[in-house]
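Fold and contact review
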Amino acid sequence: MKRIKTIALATMAILAVGCDNSDLGESVHHSMADTPILFSAGIHSLTTRSGHGAGTLESGEFGLFLSTDGTSDNKYNASNLKVTGTNGTWVPEQTLLWKSDTAKVGYTAYLPYKEGVSTEYPIAVSPVQTAETILAEDLLYTSATGITAKDNPNGIGLEFKHKLTQLKVVLTKATEVEGDIEVTGVQLGDCMLDGSLDITAGTVTTGTDKGSVSMYGAKSSETAAFTDTWEALLVPQDLALKITIKLGSDANQRIFQYTSSGVPFGFTEGTSNILKLTIGKDKVIMGGISAREWNEGEGGTIETD
């Protein structure tokens, strides 16, 4: 009888060990309810000299609208909340929480942040553009729905896209032009300078403020003989091109002008539009213009004779 009791106790001990999940290394689910939502930010495919760079956004401020199904509690919702990024870490002014593992979250975000935004974001581009103004005014936007903590345990990754449009003018010198040239300015005339972004729909509407834009110029490389690449950030619009190119300065200045004819060209959001111009002697001939997603691409050719 004593031997039987000993075997029974040993069996109970084995069963007890078998019920300890931690000893067997099995994963234990931890609910993410009422834990902070983490944020990261990046930009959808961009390769350009000015504006925001490609890949991960390291710094800046974006405005965030966030809603969680089934609750209006401020812990789980936000309206135009400022989120600040430093060295790739993005921190909201107010900590937002997951309501549960499966509660669905929707969000809309834009950059750069502006106080007082509710349904529309006012857009304005500078009439005199520099690398600094283009970076400051490069409007980014993103939105998504149906986000859950279960599917996003590491937080929400926001992938922004450009809502404005870019014009890039690339200059070359014709073979018949002797000596060096100095390009001192490229101007785009009679274009709309303002508009608005619908925060919910994500659509851009062109405004009524019309004027000229002095484009930002830089050399395409250290070996470039003159300032050969000029860029401008524009509100999406249909535009008949009016381009002025200035060579030299003061009494020796020469001016080339071109006005397109026919149907205006459609500058649509998120596109880079490239013109190639060959600087010759007296007149400007329009060869064409093409639009691509905001990255490096081939455009049409404009030649001057």
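See the structure printed just above.
Throughout what follows, the structure given in this document is the object of discussion. (Residues numbered from 1 in each chain as written. Predicted model: local features only at pLDDT ≥ 70, side-chain atom pairs only at ≥ 80, totals over all residues. Heavy atoms only, no water.)

1. Here's the deal with the pattern of salt bridges
A full pass over the atoms with the stated rule returns four salt bridges. In this structure, the salt-bridge partner of Glu 93 is Lys 82, at a minimum N-O distance of 3.8 Å. Separated by 11 residues along the polypeptide, Glu 93 in the loop between strand 5 (89-92) and strand 6 (105-111) and Lys 82 in strand 4 (residues 78-86) bring together distant segments of the chain. What makes Glu 93 exposed here is its relative accessible area of 59%. Residue classification places Lys 82 among the buried residues on the basis of a relative accessible area of 18%. Salt bridges linked by common partners bring Glu 61, Lys 82 and Glu 93 together as one network. (Salt bridge = Lys/Arg side-chain N within 4 Å of Asp/Glu carboxyl O. Helix = DSSP H or I, 4+ residues; strand = E, 2+ residues; numbered from the N terminus. Buried < 20%, exposed > 50% of the residue type's maximum accessible area, 1.4 Å probe, protein only.)

2. Re the sheet that holds strand 11 (residues 183-192)
Pairing within the open sheet is antiparallel, and its four strands lie in the order 14-11-18-19. On the outer flanks of this sheet lie strand 14 (210-214) and strand 19 (254-259), each paired with one strand and no other. Strand-to-strand, the axes of this sheet are offset by a mean angle of 15°, without reference to chain direction. (Pairing = 2+ DSSP bridges. Axes fitted to C-alpha atoms, helices over the stretch in contact; angles between N-to-C directions.)

3. A few points about the layout of surface pockets
By volume, the largest pocket is sized at about 150 Å³. In terms of lining residues, the largest pocket is bounded by Pro 112, Tyr 113, Lys 114, Tyr 121, Pro 122, Ile 123, Ala 124, Ala 136, Glu 137, Leu 139 and Leu 164. Of all the secondary structure elements, the ones that give two or more residues to the lining of the largest pocket are strand 7 (120-124) and helix 3 (131-137). Sorting elements by how many residues they give to the lining of the largest pocket places strand 7 first, with four residues. Counted by class, the lining of the largest pocket contains nine nonpolar, no polar and two charged residues. (1 Å grid on protein atoms, 1.4 Å probe; cavity = no way out; pocket = protein on both sides within 12 Å on 5 of 7 lines; lining within 4 Å. Points joined across faces, edges and corners; volume = space filled by probe spheres on them. Nonpolar A, V, L, I, M, F, W, Y, C, P; charged D, E, K, R; others polar.)

4. Looking at the sheet that holds strand 13 (residues 204-206)
A sheet is described by the order of its strands in space; here three strands give the open sequence 7-12-13, paired in antiparallel fashion. Pairing within the sheet leaves two strands with one partner each, and these edge strands are strand 7 and strand 13. The sheet shows a mean angle of 25° between the axes of neighbouring strands, taken without regard to direction. Across five bridges, the pairing between strand 7 and strand 12 (residues 194-198) is antiparallel. Across the sheet, the residue bridging to Ile 123 is Gly 195, located in strand 12.

5. Things to note about the nonpolar core
For soluble globular proteins, nonpolar side chains are generally found buried alongside one another. Counting 46 residues, the largest nonpolar core has Leu 171, Val 183 and Ile 245 as its most contacted members. Core analysis: the next-biggest nonpolar cluster, separate from the first, contains 25 residues, Ile 37, Leu 64, Trp 98 and Ala 109 among them. (Core = buried A, V, L, I, M, F, W, Y, C linked by side-chain atoms within 4.5 Å.)

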